[in-house]
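# Coordinate analysis (summary)
Okay, here's what each chain looks like letter by letter:
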There are 2 protein chains.
Amino acid sequence: MTAPLPDSTSSAAASAAGATTVAIDLGDRRYDILIGSGLFDDASTWSGLPRAAVALIVTNDTVAPLYLERLKRQLAPHYKQVESVVLPDGEQHKNWASLDRVIDHLLAGAADRKTVLYALGGGVIGDLTGFAAAIYMRGVPFVQVPTTLLAQVDSSVGGKTAINHPRGKNMVGAFYQPVRVVADLDTLDTLPDRELSAGLAEIIKYGPIADEAFLAWIEANLDALLARDKSALAHAVKRSCEIKAWVVGQDERESGLRAILNFGHTFGHAIETGLGYGEWLHGEGVACGMVLASELSARLGLMPPAFVDRMTRVIERAGLPVVAPRMPIERWLDLMRVDKKNEGGEIRFVVIESLGKAGLRGAPDALVAEVIEAHTEPGQR
Amino acid sequence: MTAPLPDSTSSAAASAAGATTVAIDLGDRRYDILIGSGLFDDASTWSGLPRAAVALIVTNDTVAPLYLERLKRQLAPHYKQVESVVLPDGEQHKNWASLDRVIDHLLAGAADRKTVLYALGGGVIGDLTGFAAAIYMRGVPFVQVPTTLLAQVDSSVGGKTAINHPRGKNMVGAFYQPVRVVADLDTLDTLPDRELSAGLAEIIKYGPIADEAFLAWIEANLDALLARDKSALAHAVKRSCEIKAWVVGQDERESGLRAILNFGHTFGHAIETGLGYGEWLHGEGVACGMVLASELSARLGLMPPAFVDRMTRVIERAGLPVVAPRMPIERWLDLMRVDKKNEGGEIRFVVIESLGKAGLRGAPDALVAEVIEAHTEPGQR
């Protein structure tokens, strides 16, 4: 808890091809995040990975037409067989049935315990493929190839893999590290605006919880980010990964500090689950959740009201929702009570204690209700 | 690979109550195996475990009538709620449906990320409960309470958890360590003879692969073990756990040395899967598999024919099968090709290279066919 957050240049090195590498070093599980343009078609991106007879690419039916054949071509020189499983797109498919399709494909073919899995897609594909890699024959290597901004900043670091359960998001999973992450910024060119914004939600998050200067940088560069300027995106992705790696490196099993990465997530998950997976994007839930968590921080006396306005403004400018859907307060509380951060039945929220510093607090139900009411769309009780 | 196997007294300490403790120290995941009589009703057995609001005991409908209420009484002082899930008994229930019952019970109740799971039963319950603990909210603590001899010597060490898949045994799982193992030898009093013998199969295994003197001890004490003499059982369980811990400690992720623990298992799994889970007990498959693997070791010129006779004799005296069921050779080979030890399509067998030393070898299909034929029951081709 004592190591200071390194600044944005010290832990990254520019490669000859213009790509940036963030090295994640968690004991014996060291791996690189490659960030840049043109990575997909650069042969060096795919070299030096664990050798195996079979590679299996897991992707979805939105990403497959765009990138599956390109990735297969790149991997062909490295494996006897390059296979693929194409799942339906969407958070509602991050479930046991999809996982079983991957496992069954592995077992039906020639896959052995050295088979390398490639997660080609967004966070759903990354989480599910990572979990499949974690449990198939008790663990095979996997490579993350995130094609959404959210996945590039959120799923690339931390080793969290999971599937959803009808009773809650990410309730079944494992901590399991990839052997490499390839974040090709060119894949963001095909990303819908709405998903770009969803990714910005997680990027914005890193400011208030860990790095006040980064929040100011985001505010100054938000237009460039929304215009998909590669240089701005490269810095945003790199800095987000660095901050996340710094937090995770000090608390790999989420016993304390790491929970601050869930700023906005307690409220956000309740929105996602309450409306049904797929109604709001994860980043949208987090965005609105950050408004509520900022409001809670203010009402707990930790932050001034102006902080809520500042967060609301940057989130809104990023094209993200700042008003919560109307749900009965008991429904909110029930949904938040299954959150993994909770202990002994009390809901614990990530709050901002000062700009760049977050902590975990409980709060009375009545105060939580006020916070939600203050940012909920008008409508019948 | 260089640390010698410690002898049988150096790593165990007798406690005041007459129980023996084997300390398993795998980096940051240190835990104790308690071995002895009367452990169940000794309050100190259950003290000093991770604190939580909820404990969940997972057991089966054979063990529950014998021990569930006793365990609940012992745990009651330590938790607000002590819950239980009683699964149907049998290897055929070591599947996703049973796992989902456990996960669903946890999510439906007040279980949080500190909830402690207790595996009360044999290897099936231990493997399944351990895997549930590994993946529920990405990992909660669990305690093994093995009630079969097989589970006491085999599941207590090594952190292997898994469920079966229709295409193969233990194909989905994780490496995950318990926080304590309680091996009360009194629970063996209620064990059917057939299951006692199945446990002896794994105990016999540790002789040829790692400790010639232990094989001689087993041969000398087999009658006492079959008569359930507590002192003989205590030594057999302790020494088996020590040997397994020594092997696992040098190779926790099964990259090489650890595979020797699968002596007899490649052939044995093929028998189990080929006949359908539940037809032969796991230990019975391993027993017959050891005869075949000994035969293979002899035919590869590594061991003299007398070694096959010696292994066959001790296995048969233990009440275990030494003749394989008749299956077409292609069926054998197909079943063994999905074994997790394989790489690049070649079947790899654990063979004995000299008494107390095992290794991994491939073998031509024709030789494997001869080995199987030499120990198969007469019948139509």
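Keep in mind that what you see is a predicted model, and the values were worked out from it rather than measured.

## Remarks on the relation of the copies chain B and chain A
In the superposition of chain B on chain A (RMSD 0.0 Å, axial shift 0.0 Å), the rotation amounts to 180°. Such a combination of turn and shift is consistent with a two-fold rotation axis.

## Details of the UniProt feature "domain: 3-dehydroquinate synthase N-terminal" (unreviewed entry) in chain A
The UniProt record marks residues 85-197 of chain A with the feature "domain: 3-dehydroquinate synthase N-terminal" (unreviewed entry), using the residue numbering of this structure. From the first C-alpha to the last, residues 85-197 of chain A spans 28 Å; its make-up is 34% helix and 29% strand.

## Focus on the packing of aromatic side chains
All names here are of chain A. Inspection of every chain in the model, using the stated rule, returns 17 aromatic pairs over all chains. Aromatic pair Phe267 and Phe349: ring centres 5.0 Å apart, planes at 25°, arrangement stacked. Here Phe349 lies in strand β11 (residues 348-354) and Phe267 lies in helix α8 (residues 265-275), a separation of 82 residues in the sequence. Owing to a relative accessible area of 1%, Phe267 belongs among the buried residues under this scheme.

## Some words on the interface of chain B and chain A
Listed as interface residues are 35 residues of chain B and, on the opposing side, 35 residues of chain A. Interface area, chain B with chain A, both sides summed: about 3300 Å², of which 54% is carbon and sulfur. Interface area lost by chain B to chain A is led by B:Leu107, B:Arg113 and B:Arg138, which between them contribute 25%. Linking chain B with chain A are 2 salt bridges. Residues A:Asp104 and B:Arg167 are paired through a salt bridge, measuring 3.1 Å at the closest nitrogen-oxygen approach. Connecting chain B to chain A are 10 residue pairs in polar contact (both at pLDDT 80 or more). Every element with two or more residues in the side of chain B that touches chain A is listed here: α2 (96-108), α3 (123-135), β8 (160-165) and β9 (168-175) of chain B. Among the residues making up the side of chain B that touches chain A, the classes are represented as 16 nonpolar, 6 polar and 13 charged.

## Looking at helix α10 (residues 305-317) of chain B
Think of an α-helix as 3.6 residues a turn; residues three or four steps apart then line up on the same face. Residues and elements named next belong to chain B. The terminal C-alpha atoms of α10, which comprises 13 residues, lie 19 Å apart, in line with the 18 Å expected from a rise of 1.5 Å per residue. Buried within α10 we find Phe307, Val308, Met311, Thr312, Val314 and Ile315. The inward-facing, buried residues of α10 contact α5 (193-210), α6 (212-226), α9 (282-299) and β11 (348-354). Immediately downstream of α10, the backbone of Gly319 shows phi near 80°, a positive value.

## Here we look at the side chain of A:Thr187
Relative to the assigned elements, A:Thr187 resides in the loop between β10 (180-184) and α5 (193-210). Apart from the residues lying within four places of it in its own chain, the contact partners of A:Thr187 are A:Phe40, A:Tyr67, A:Pro146, A:Thr147 and A:Gln152.

## Things to note about the nonpolar core
Of all hydrophobic cores here, the largest spans 78 residues; its most connected members are A:Leu149, A:Phe267, A:Trp332 and A:Met336. It is helix α7 (residues 230-249) of chain A that contributes the most residues to this core, 10 residues altogether. Taken domain by domain, the makeup of this core includes at least three residues from each of domain 1 (12-190) and domain 2 (193-374) of chain A. With sequence-adjacent residues up to four places away left out, A:Phe267 is seen in contact with A:Gly289, A:Leu292, A:Ala293, A:Leu296, A:Trp332, A:Met336, A:Phe349, A:Val368, A:Val371 and A:Ile372. With 76 residues, the next largest nonpolar core counts B:Ile24, B:Ala183, B:Leu296 and B:Met336 among its residues.

Rules used in this analysis
- Residues numbered from 1 in each chain as written.
- Chains lettered and ligands numbered in written order.
- Predicted model: local features only at pLDDT ≥ 70, side-chain atom pairs only at ≥ 80, totals over all residues.
- Heavy atoms only, no water.
- Least-squares fit on C-alpha atoms with pLDDT ≥ 70 in both.
- UniProt positions renumbered as here; feature names shortened; annotations may be inferred.
- Helix = DSSP H or I, 4+ residues; strand = E, 2+ residues; numbered from the N terminus.
- Phe/Tyr/Trp six-rings, centres within 6.5 Å; stacked < 30°, edge-to-face > 60°.
- Buried < 20%, exposed > 50% of the residue type's maximum accessible area, 1.4 Å probe, protein only.
- Contact = heavy atoms within 4.5 Å.
- Buried area = accessible area lost by both parts, 1.4 Å probe.
- Salt bridge = Lys/Arg side-chain N within 4 Å of Asp/Glu carboxyl O.
- Polar contact = N/O pair within 3.5 Å; in protein donor to acceptor, adjacent residues only side chain to side chain.
- Nonpolar A, V, L, I, M, F, W, Y, C, P; charged D, E, K, R; others polar.
- Expected span 1.5 Å × (residues − 1).
- Core = buried A, V, L, I, M, F, W, Y, C linked by side-chain atoms within 4.5 Å.
- Domains from an automatic or database assignment.

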